[in-house]
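Descriptive analysis of the structure
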Amino acid sequence: VPSKRASCSKGRSASNEKVGSMELSALTFHDAIGFSPALARQGKFGGGGADGSIMAFAQIETNFKASIGMDEIVEEQRPFALKHKVSFGDFIQFAGAVAVSNCAGGPRLQFLAGRSNHSQVSPPDLVPLPEDPVDKIFARMGDAGFSPNELVDLLASHSVAAQDKVDPGVHGSPFDSTPSVFDAQFYVETLLNGTLFPGNGSHVGEAKSPIPGEFRLASDDLIARDPRTACEWQSFVTNQKLMVQRFTRAMAKMSTLGNNVHELVDCSEVIPVPSKAASNVAHFPDGKTIKDIEQSCKGTPFPVLKTQAGPTSVPVV
Ligand code: HEM
Ligand SMILES: [Ca+2]
Ligand SMILES: [Ca+2]
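Residues numbered from 1 in each chain as written. Chains lettered and ligands numbered in written order. Predicted model: local features only at pLDDT ≥ 70, side-chain atom pairs only at ≥ 80, totals over all residues.

Going by an unreviewed UniProt entry, the protein carries the name Peroxidase and comes from Trametes pubescens. Quoted straight from UniProt, the Sequence similarities (unreviewed entry) entry for the protein says "Belongs to the peroxidase family. Ligninase subfamily." (UniProt positions renumbered as here; feature names shortened; annotations may be inferred.)

Below is the structure:
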């Protein structure tokens, strides 16, 4: 599963590119979330979910605002799906599971095979945007069958992710200081008081970040602080095991949206076993303490964490 970006990389493909792109993990979401029972109830086509439509109809779906720029990764992956005679829907979820397994500390996700290779183009506007109001995001995810807390669970993927398009001036700026480790740093760092924009001023969908080089999406900023989700968010800060379990469960649901799981075959053994993270204890970045935390979960104090010794450098990925 070759690809360009390798925030978590393991080995190289035949074309000598690093393996393990997190763009692949984002693709699992952009394909699957094209699924709306609400549209179906109005007698319209609601989308087929994790059906490969973003690869089958790339010219249309990668022009949807939230998926602009994904054409590159789709075009890069399509020949592999064709060569191995795998349906586009299966291939996208397979590649995403492999990508996550390349991150230290990541889960070995379930992979079910057997999605049909017939799909229709997804309706527009089903993928959330970082500038969307939080009520709109929760409603959209709710329509697809996810509670607000399950969205928090899925957002563990932003622990190994970076942005290119919200502010192209700081291409590759990650959402936490450890973008090659699937850890709870994302859930800690998003709760720190934002003080700066890593690039040149603010952009649509951007919130202030606490550390130079780190990028905070407006949606992550709001979801971290919303009373409906703040406690689930904070619960992962000292419990990476729970974070991985909840993410795994939510991904099993997301990766099969629109499919009948009883018709799929469990091929999880083809997904590599991830390496362990060097540490599974989250910390405050250099210079930050509990005083910088915007305590958002009412009733449960923010856990005690140590401050990292030495400078926190945020890598470009
Ligand atoms: C409220 C829901 C979400 C919003 C608004 C959102 C928004 C975004 C945005 C704006 C980016 C940066 C894209 C760019 O500039 O290149 C991004 C990156 C990413 N997102 Fe999300 N996201 C959401 C949920 C998810 C979910 C559910 C997953 C996976 C399960 C996911 C996985 C990723 C990954 C892996 C990246 C990094 C892509 C890369 O490195 O190229 N996101 N997200
Ligand atoms: Ca789809
Ligand atoms: Ca991380």
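To continue, consider the overall build of the protein. Within the protein, the regular secondary structure consists of 12 helices and 8 strands. On C-alpha atoms alone, the protein measures out to a radius of gyration of 19 Å, which is about the 20 Å that the 2.2 N^0.38 rule sets for 317 residues. In terms of its C-alpha atoms, the protein occupies a principal-axis envelope of roughly 55 × 45 × 40 Å. Every one of the 317 residues in the protein was classed for burial, and the buried ones make up 49%. Residue pairs in contact within the protein that sit at least 24 positions apart in sequence constitute 68% of those at least 6 positions apart. (Helix = DSSP H or I, 4+ residues; strand = E, 2+ residues; numbered from the N terminus. Rg over C-alpha atoms; globule rule 2.2 N^0.38 Å. Buried ≥ 20, exposed ≤ 12 C-beta atoms within 10 Å, placed from the backbone. Contact = placed C-beta atoms within 7 Å.)

This part takes up helix H12 (residues 240–254). When the terminal C-alpha atoms of H12 are compared, their 20 Å separation across 15 residues agrees well with the 21 Å that a helix rising 1.5 Å per residue should span. Of all the residues in H12, the buried ones are Gln240, Met243, Val244, Arg246, Phe247, Ala250, Met251 and Met254. Contacts from the buried residues of H12 go to helix H1 (22–32) and helix H8 (148–154). (Expected span 1.5 Å × (residues − 1).)

Turning next to the site of ligand 1. Taken together, 24 residues sit near ligand 1, with Ala26, Ser157, Ala161, Gln163 and Lys165 positioned nearest. Those elements that place two or more of their residues in the shell around ligand 1 are H1 and strand S2 (162–163). Broken down by element, the shell around ligand 1 gets its largest block of residues, 6 residues, from H1. For the shell around ligand 1, the class distribution of residues is 13 nonpolar, 7 polar and 4 charged. (Near = placed C-beta within 6 Å. Nonpolar A, V, L, I, M, F, W, Y, C, P; charged D, E, K, R; others polar.)

Glancing now at the confidence of the model for the protein. Mean pLDDT over the protein works out to 94, with 94% of the residues at or above the 70 mark. The low-confidence segment residues 11–20 (pLDDT under 50) makes 24 contacts with residues lying over four places distant or belonging to another chain. With a pTM of 0.96, the predicted complex shows an ipTM of 0.99. (pLDDT = per-residue confidence, 0-100.)

Turning our eyes to something else, we now look at the UniProt feature "binding site: Ca(2+) 2" (unreviewed entry) in the protein. The UniProt entry lists Ser159, Asp176, Thr178 and Asp183 under the feature "binding site: Ca(2+) 2" (unreviewed entry), expressed in the numbering used here. Judged by maximum C-alpha separation, these annotated positions cover 25 residues in sequence but sit close together in space, the widest gap being only 9.4 Å. Assessed through the 28 C-beta atoms surrounding it within 10 Å, Asp176 is described here as buried. For Asp176, the residues in contact, after removing those within four places along its chain, are Ser159, Gln185, Phe186, Glu189 and Glu214. Within the fold, Asp183 resides in the loop between strand S3 (173–174) and helix H9 (185–189).

For the protein, the domain assignment lists domain 1 (22–127 + 253–270) and domain 2 (134–240 + 279–307). Contacts between the two partners involve 18 residues from domain 1 and, on the opposite side, 16 residues from domain 2. Those elements that provide at least two residues to the side of domain 1 that touches domain 2 are H1, helix H2 (37–41) and H12. Split into classes, the residues belonging to the side of domain 1 that touches domain 2 amount to 12 nonpolar, 5 polar and 1 charged. (Domains from an automatic or database assignment.)

Another aspect to go through is the UniProt feature "binding site: heme b" (unreviewed entry) in the protein. Mapped onto the present numbering, the UniProt feature "binding site: heme b" (unreviewed entry) falls at His158. A residue is classified by how many C-beta atoms lie within 10 Å of it, and His158, with 23 of them, is buried. Ignoring any residue separated from it by four or fewer positions in sequence, one finds His158 in contact with Phe175, Phe186 and Asp220.

One finds Met55 and Ala184 to be the most contacted residues of the largest nonpolar core, which totals 74 residues. Here this core gets 9 residues from one element, more than from any other, and that element is helix H6 (residues 88–101). When residues of this core are sorted by domain, at least three fall in each of domain 1 (22–127 + 253–270) and domain 2 (134–240 + 279–307). Other than its neighbours up to four places away in sequence, Met55 contacts Val74, Arg78, Ala81, Phe88 and Ile92. (Core = buried A, V, L, I, M, F, W, Y, C linked by C-beta atoms within 7 Å.)

Close contact between H1 and H6 brings their axes to 8 Å; oriented N to C, the two are set at 140 degrees. Considering the angle they form, H1 stands oblique to H6. Judged by the twist between their axes, the crossing of H1 over H6 is left-handed. On H6, the residues that touch Met22, Leu24, Ser25, Leu27, Thr28 and Asp31 of H1 are Ile92, Gln93, Ala95, Gly96, Ala99 and Val100. Its residues assigned to classes, the contact of H1 with H6 shows 7 nonpolar, 4 polar and 1 charged. (Axes fitted to C-alpha atoms, helices over the stretch in contact; angles between N-to-C directions. Parallel < 35°, antiparallel > 145°, perpendicular 65-115°, else oblique. Left-handed = near helix turned anticlockwise from the far one by under 90°.)

With respect to the helices and strands, the residue Thr248 is situated in helix H12. Along the primary structure Thr248 and Pro107 are separated by 141 residues, whereas in three dimensions their C-alpha atoms are 6.8 Å apart. Beyond its immediate chain neighbours, meaning those up to four positions away, Thr248 contacts Pro107 and Leu109.

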